[in-house]
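Single-letter residue listing:
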Amino acid sequence: QVQLVESGGGLVQAGGSLRLSCAASGRTFSRYVMGWLRQAPGKEREFVAAISRSGGNTYYADSVKGRFTISRDNAKNTVYLQMNSLKSEDTAVYYCAADSVGITTSRNPDYWGQGTQVTVSS
C-alpha cells in the first residue's frame, strides 16, 4: 500500500510559479512510475507529467511542455512538479499518482492522492 500526500498548491497570478510536492509512504517508492494528473471544474481528468522509476525519463503534456518540470527524489520518497509561467487554464486540482506500469488517463493509477488546488488568476 502506498499513500500519497500532495502539498504546495495555492493561488498565484498568471505568469507566476508554484512547486507541488508529493510525499509517498512505504519503502517501494522507487518501484513506481510517478506522475501528476489534473482536473478542472467541468472537465475530464488530464495527464500533466510523468517520470520514470529512476528519474531518467520524463514525459509532459503538450500544454505544459517547457513550463513545467517533474522530478523525484527516491531517497526522500518525494516527487515534485515545478510550474512556471502559469496560465489561467492551469487552474485545476492536481493529483499525484503512482503506477507500476505508467501514468495514463485511460485507467486509474494504482495509487493517487487527495489532490491540491491550484488557482491561477488572470
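Up top you'll find the structure we're talking about.
Here's what I pulled together on the structure shown here. Residue positions within a chain follow its written sequence, with the count starting from 1. Predicted model: local features are reported for residues with pLDDT of at least 70 only, side-chain atom pairs are reported and counted for 80 or more only, and whole-chain, interface and lining totals are derived from all residues. As a rule here, side-chain values come from all non-hydrogen atoms in the structure, and water together with hydrogens is ignored.

## Observations regarding the overall build of the protein chain
- Here a strand is any run of E in DSSP of at least two residues, a helix any run of H or I of at least four, and the numbering for each starts at the N terminus. Looking only at helices and strands, the protein chain has 0 helices and 11 strands in total.
- Helices (α) and strands (β) of the protein chain occur, in sequence order from the N terminus, as β-β-β-β-β-β-β-β-β-β-β.
- Relative to a compact globule of 122 residues, whose C-alpha radius of gyration would be 14 Å, the protein chain shows 13 Å and is just as compact.
- By principal-axis analysis of the C-alpha atoms, the protein chain measures approximately 40 × 25 × 25 Å.
- Burial classes: relative accessible area under 20% of the type maximum marks a residue as buried, over 50% as exposed, and values in between as partly exposed (1.4 Å probe, protein chains only). Considering the protein chain as a whole, with its 122 residues, one finds that 43% of them fall into the buried category. Radius of gyration here uses only the C-alpha atoms, and the compact-globule reference equals 2.2 Å multiplied by the residue count raised to the power 0.38.

## Topic: the sheet that holds strand E7 (residues 68-73)
- Each pair of strands is called paired provided DSSP finds at least two bridges between the two strands. In space, the 4 strands of this open sheet follow the order E1-E3-E8-E7, with antiparallel pairing throughout. The open sheet has two edge strands, strand E1 (4-7) and E7, and neither has a second partner. Ignoring strand direction, the axes of neighbouring strands in this sheet form an average angle of 15°.
- Of the pairings in the sheet, the one linking E1 to strand E3 (residues 18-24) comprises 4 bridges and is antiparallel in character. Counted as the bridge partner of Leu4 is Ala24 from E3. Interaxial angles span 0 to 180 degrees and are taken between N-to-C directions of axes, which are lines fitted to C-alpha atoms, for helices over the stretch in contact.

## So, the packing of aromatic side chains
- Side-chain rings of Phe, Tyr and Trp (the six-membered ring for Trp) are treated as a pair once their centres are within 6.5 Å; stacked means planes under 30 degrees apart, edge-to-face means over 60, and tilted covers the remaining angles. For the coordinates displayed, the defined rule picks out 1 aromatic pair.
- A centroid spacing of 5.8 Å and a plane angle of 85° characterise the contact between Tyr32 and Tyr111, whose relative ring orientation is edge-to-face. One end of the pair, Tyr32, is in the loop between E3 and strand E4 (33-39); the other, Tyr111, is in strand E10 (residues 111-112), with 79 residues separating them in the sequence. For the pair shown, Tyr32 and Tyr111 are each scored as buried.
- Between Arg19 and the ring centre of Tyr80, over which it is positioned, the NZ or CZ distance is 4.0 Å.
- We call a charge positioned above a ring when the Lys NZ or Arg CZ atom is no farther than 6 Å from the ring centre and deviates by at most 35 degrees from the ring normal. We note Arg72 situated over the ring of Phe29; from NZ or CZ to the ring centre the distance is 4.6 Å.

## Focus on the pattern of salt bridges
- Salt bridges are defined by distance alone: a side-chain nitrogen of Lys or Arg within 4 Å of a carboxyl oxygen of Asp or Glu. Applying the stated criterion across every chain, the model contains 5 salt bridges.
- With a shortest N-O distance of 2.8 Å, Arg38 and Glu46 are connected by a salt bridge.
- As a salt-bridge pair, Arg67 and Asp90 come within 2.7 Å of each other at their nearest N and O atoms. Here Asp90 lies in the loop between strand E8 (78-83) and strand E9 (92-99) and Arg67 lies in the loop between strand E6 (58-60) and E7, a separation of 23 residues in the sequence.
- Since its relative accessible area comes to 10%, Arg67 is described here as buried.

Fair warning: the whole summary comes from geometry, so function is off the table for now.
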